[in-house]
Amino acid sequence: MKYTNFNKWLFIIIGGFIASIFSFTVLYYLLIPDLCYYHSHEMNYIMSLFFTAYPGSNGHPEPNLTNFIVSFLVGSSIGFVIFKKFAKQ
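Bear in mind the structure is a predicted one, so any value in this text is a computation, not a measurement.

Asker: Would you mind going over the packing of aromatic side chains with me for this structure?
Answerer: Pairs of aromatic rings are described using the distance from one ring centre to the other and the angle between the two planes. The final tally for this structure, using the stated rule, is eight aromatic pairs. On the basis of an interplanar angle of 50° and a centroid distance of 5.8 Å, the ring pair of Phe11 and Phe83 is categorised as tilted. In this pair, Phe11 is assigned in helix 1 (residues 5–31) and Phe83 in helix 3 (residues 65–86), connecting sequence segments 72 residues apart. Since its relative accessible area comes to 25%, Phe11 is described here as partly exposed. Seen from their ring centres, Tyr28 and Tyr29 are 5.0 Å apart, and the 75° between their planes marks the pair as edge-to-face. A connected cluster of aromatic rings, assembled from ring pairs, spans Phe17, Phe24, Phe68 and Phe72.

Rules and cut-offs
- Residues numbered from 1 in each chain as written.
- Predicted model: local features only at pLDDT ≥ 70, side-chain atom pairs only at ≥ 80, totals over all residues.
- Heavy atoms only, no water.
- Phe/Tyr/Trp six-rings, centres within 6.5 Å; stacked < 30°, edge-to-face > 60°.
- Helix = DSSP H or I, 4+ residues; strand = E, 2+ residues; numbered from the N terminus.
- Buried < 20%, exposed > 50% of the residue type's maximum accessible area, 1.4 Å probe, protein only.

Structure (structure tokens):
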């Protein structure tokens, strides 16, 4: 693969979106196997940093903006590392 700015940004953006989708689907269900647990229990600090349980969701935790930003940044970093590994100058 050729080293171009377009390819670099393509890998960064695709990596970010893949990590966000992974976080919002697979990782969400691995971290929170019982959604109704938080009806009667408080979330700890780390959990409340990445998930929000508001009355509109009936007290079930949902990923928030911080979760999306962190997931996108981690995925973008992974995409950039993969690009650097396979790009030829």
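Picking up where we left off.
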